[in-house]
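Read off the chains here:
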Amino acid sequence: MNWSFQLYSARNFLPWDQVLKMLSATGYREVEGFGGVYEDPQAFRAELDRNGLSMPTAHFSIDALETDFDGVQRIAETLRVKLLVCPYLVAEARPTDAAGWRAFGERLAKVGEQAKAAGYGFAWHNHDFEFAPLADGSVPQEHILSVAPDIGWEMDVAWVVRGGADPLPWIDRHGQRIVAVHVKDIARPGEGLDEDGWSDVGHGTVDWAGLIKTLRKKTPAKHFIMEQDNPNDVERFARRSIAAVKAY
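Thresholds applied
Residues numbered from 1 in each chain as written. Predicted model: local features only at pLDDT ≥ 70, side-chain atom pairs only at ≥ 80, totals over all residues. Heavy atoms only, no water. Salt bridge = Lys/Arg side-chain N within 4 Å of Asp/Glu carboxyl O. Helix = DSSP H or I, 4+ residues; strand = E, 2+ residues; numbered from the N terminus. Buried < 20%, exposed > 50% of the residue type's maximum accessible area, 1.4 Å probe, protein only. Contact = heavy atoms within 4.5 Å. Axes fitted to C-alpha atoms, helices over the stretch in contact; angles between N-to-C directions. Parallel < 35°, antiparallel > 145°, perpendicular 65-115°, else oblique. Left-handed = near helix turned anticlockwise from the far one by under 90°. Nonpolar A, V, L, I, M, F, W, Y, C, P; charged D, E, K, R; others polar. Pairing = 2+ DSSP bridges. Right-handed = clockwise from strand over helix to strand, strands pointing away.

Asks: Lay out the pattern of salt bridges in plain terms, naming residues and giving numbers.
Replies: Considering all chains together, one arrives at 13 salt bridges under this definition. One salt bridge in this structure joins Lys218 and Asp172, with 2.5 Å as the shortest N-O distance. Highlighted residues: Lys218 in helix H9 (residues 208-218) and Asp172 in helix H8 (residues 167-174), separated in sequence by 46 residues. For Glu195, the salt bridge identified is with Arg236, shortest N-O distance 3.1 Å. A residue pair is termed long-range when its members are at least 10 positions apart, and Glu195 in the loop between strand S8 (185-186) and strand S9 (198-199) and Arg236 in helix H10 (residues 234-246) qualify at 41 residues. Both residues of the pair, Glu195 and Arg236, count as buried. Here the salt bridges do not stand alone but share partners, grouping Asp156, Lys184, Glu227 and Asp229 into one network.

Spelled out as structure tokens, the structure:
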């Protein structure tokens, strides 16, 4: 099990060289990339090396994965990424019925085949919208996972909860698909008002002590990635979160 940090959490606290220095000093040895750090992969790789950090997992948009896989691969090779993760589908592109979500799952399956052929793992990262019931009572996440049986799942547990679902049955059913986990916490009522209702890991309402034990037991996930979508103090978030999970 490796504790990682999703760099999206630090996008408002640049420069990146100082962010990476802080993360290394705080005890992280892994980070997860996103589009905001790919402008000069060689220079970013040098900063990672300087701070004793690696980037085994990284987010790439569905557009980049489908239309410029060679470009994705060049970035991944430079940064030594092993697991490519598709993180999101913008609201206007989201299907509204089961057939549409199954078609989207087929798109992900094709990307997964291309990634596997190139020597990479591939996974889908959820938000809350995948758990909103469709007209027939089914939910998008089930269609994605069933139509694309060979891709992994980077489970963002807090978004599952915000989507109205209980993460434990999903872990029971699909644990072997979960190859990475976003470790994120939801603020208690009245807290986190300037942080979009999120909190430092271990200081909110998600039972991370129990969930980490369950995830260790029922999934092959090795990368547990701290994330907070809108922290007001990234150093505090990084420090308190890794301290909390190391105690579990």
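What follows picks up the thread again.
Asks: Which residues make up helix H6 (residues 140-147), and what are the values?
Replies: Here H6 lies mainly inside the structure; six of its eight residues are buried. Among all positions in H6, only Pro140, Gln141, His143, Ile144, Leu145 and Val147 are buried. In this structure, the buried residues of H6 make contact with helix H5 (98-117), strand S5 (121-125), strand S6 (152-156) and H8.

Asks: Describe in detail the packing of helix H1 (residues 16-26) against helix H2 (residues 41-50), supporting the description with residues and values.
Replies: For the pair H1 and H2, the least separation of the axes is 9 Å and the interaxial angle reads 30°. Between H1 and H2, the interaxial angle falls into the category roughly parallel. Seen from above, H1 lies across H2 with right-handed handedness. Contact residues: H1 offers Trp16, Asp17 and Leu20, while H2 offers Phe44, Glu47 and Leu48. When its residues are assigned to classes, the contact of H1 with H2 shows four nonpolar, no polar and two charged.

Asks: Go over the pairing of strand S4 (residues 83-86) with me, naming the residues and quoting the values.
Replies: Burial along S4 is two-sided: the face carrying Leu83 and Val85 and the face carrying Leu84 and Cys86 are both buried. Bridge analysis of strand S3 (residues 54-59) against S4 gives three bridges, and the strand direction is parallel. If you follow Thr57 over to S4, its bridge partner there is Leu83. Alignment of S4 against S5, held across four bridges, turns out to be parallel. Bridge pairing in S5 links Val85 to Ala123. Considered for its hand, the β-α-β crossover made up of S4, H5 and S5 is right-handed.

Asks: Let's hear about the sheet that holds S6: which residues, and what values?
Replies: If you walk across this open sheet you meet the eight strands as S1-S10-S7-S6-S5-S4-S3-S2, and the pairing is parallel. In this open sheet, the two edge strands, each paired with only one partner strand, are strand S1 (2-5) and strand S2 (30-33). Ignoring strand direction, the axes of neighbouring strands in this sheet form an average angle of 30°. The pairing of S1 with strand S10 (residues 223-226) spans four bridges and is classified as parallel. Counted as the bridge partner of Ser4 is Ile225 from S10. Those strands touched by H5 are S4 and S5, and its axis lies near 155° from that of S5.

Asks: Quick one: what's the story with the environment of Leu83, residue by residue and with numbers?
Replies: Within the secondary structure layout, Leu83 lies in strand S4. Residue class for Leu83 comes out buried when judged on its relative accessible area of 10%. When the C-alpha positions of Leu83 and Ala115 are compared, they lie 8.9 Å apart, and in sequence the two are 32 residues distant. Every residue in contact with Leu83, bar those within four places of it in the chain, is listed here: Pro56, Thr57, Ala58, Gly121, Phe122, Ala123, Val179 and Ala180.

Asks: Describe unusual backbone geometry, naming the residues involved and giving the relevant values.
Replies: Across the junction of Leu14 and Pro15, the peptide omega takes the value 20°, indicating a cis bond. With respect to the helices, strands and loops of the structure, Pro15 is situated in the loop between S1 and H1. In this model, Asp196 sits at a positive phi of 60°, which is unusual for a non-glycine residue. Mapped onto the fold, Asp196 is located in the loop between S8 and S9. Residue classification places Asp196 among the partly exposed residues on the basis of a relative accessible area of 47%.

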